[in-house]
Amino acid sequence: MIQKPKFATEAEEADWYPAHPEYFEELFAHAKAEGRLVRGPIVKRSDMTVPITLRLSHGDLAKAREQAEKRGISRQTYLTMLLHEALAQAK
C-alpha cells in the first residue's frame with residue numbers, strides 16, 4: 001500500500017494528491033476487494049443537513065467565492081467549512 005506522507009502545509013498536501021493517482025487506485029481496489037464500494041451516498045443528505053437561508057453582503061459573497069476557487073472547492077462548501085471552524089473555536 002502506498003504510504004501517504006505527513007504534510008507540512010495544506011498546499012503541500014493539495015499538490016501531493018493529483019501527483020499520486022495510484023494512491024486512490026489502490027484505495028478503490030482494496031475497497032472493491034472488501035465489498036465496500038457502493039453507488040450513491042451512504043447517508044442521505046436530508047439526514048445529515050438542514051437547508052437554511054442566509055443573507056450576505058455582495059462583498060462577503062465575492063470574497064467567499066474567490067477564496068473557495070483558490071482552494072478548488074464550491075462556495076457553499078467553503079462557507080460551511082468556515083462556519084464549522086468558527087463554531088468549534090467559540091466556547
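Whatever comes next refers back to the structure up there.
In short, a report on the structure. No experiment lies behind these values; they were computed from the predicted model shown.

Counting its secondary structure elements, the protein contains five helices and zero strands. Here the C-alpha radius of gyration of the protein, 18 Å, is well above what a compact globule of 91 residues would show, namely 12 Å. For the protein, the spread of C-alpha atoms along the three principal axes comes to 50 × 35 × 30 Å. Among the 91 residues that make up the protein, the fraction classed as buried is 8%. Total accessible area on the protein stands at roughly 8500 Å², and carbon and sulfur atoms take up 56% of it. Counting 14 positive and 13 negative side-chain charges, the protein places the averaged centre of each group 9 Å from the other.

A few words on the packing of aromatic side chains. With the rule as written, the count across this model stands at seven aromatic pairs. Taken together, a centroid distance of 6.2 Å and an interplanar angle of 55 degrees make the contact between Tyr17 and Tyr23 tilted. Tyr23 gets classed as buried once you look at its relative accessible area, which sits at 11%. Members of the aromatic cluster, each reached through a chain of ring pairs, are Phe7, Trp16, Tyr17, Tyr23 and Phe24.

Two elements in contact, helix 4 (residues 58–71) and helix 5 (residues 75–89), have axes whose closest approach is 8 Å; the angle formed by their N-to-C orientations is 100 degrees. By the angle between their directions, the pair helix 4 and helix 5 is classed as roughly perpendicular. Where helix 4 abuts helix 5, its residues Leu61, Ala64, Arg65, Gln67, Ala68 and Arg71 lie against Arg75, Tyr78 and Leu79. Taken together, the residues that form the contact of helix 4 with helix 5 break down as five nonpolar, one polar and three charged.

Looking now at the pattern of salt bridges. Taken as a whole, this structure holds two salt bridges when the rule is applied. A salt bridge links Arg36 to Glu34; its shortest N-O distance comes to 2.6 Å. The class for Glu34 is exposed, based on a relative accessible area of 54%. The partner of Lys70 in a salt bridge is Glu66, with the nearest N and O atoms 3.7 Å apart. Here Lys70 pairs with Glu66, and both are found in helix 4, just four residues apart, close to one helical turn. Among the residues examined, Lys70 registers a relative accessible area of 66% and is labelled exposed.

This brings us to the environment of Tyr78. Among the structural elements, Tyr78 can be located in helix 5. Here Tyr78 falls in the buried class, since its relative accessible area comes to 4%. Put simply, Tyr78 and Gln3 are 75 residues apart on the chain and 28 Å apart in space, counted from C-alpha to C-alpha. Contacts of Tyr78, omitting those with residues within four sequence positions, involve Ala64, Gln67, Ala68, Arg71 and Ile73. Only 2.5 Å separates the side chain of Tyr78 from the side chain of Gln67, close enough to count as a polar contact.

Calculation notes
Residues numbered from 1 in each chain as written. Predicted model: local features only at pLDDT ≥ 70, side-chain atom pairs only at ≥ 80, totals over all residues. Heavy atoms only, no water. Helix = DSSP H or I, 4+ residues; strand = E, 2+ residues; numbered from the N terminus. Rg over C-alpha atoms; globule rule 2.2 N^0.38 Å. Buried < 20%, exposed > 50% of the residue type's maximum accessible area, 1.4 Å probe, protein only. Areas by Shrake-Rupley, 256 points an atom, 1.4 Å probe, with all protein chains shown as cover. Lys, Arg positive; Asp, Glu negative; His and termini not counted. Charge placed at Lys NZ, Arg CZ, Asp CG, Glu CD. Phe/Tyr/Trp six-rings, centres within 6.5 Å; stacked < 30°, edge-to-face > 60°. Axes fitted to C-alpha atoms, helices over the stretch in contact; angles between N-to-C directions. Parallel < 35°, antiparallel > 145°, perpendicular 65-115°, else oblique. Contact = heavy atoms within 4.5 Å. Nonpolar A, V, L, I, M, F, W, Y, C, P; charged D, E, K, R; others polar. Salt bridge = Lys/Arg side-chain N within 4 Å of Asp/Glu carboxyl O. Polar contact = N/O pair within 3.5 Å; in protein donor to acceptor, adjacent residues only side chain to side chain.

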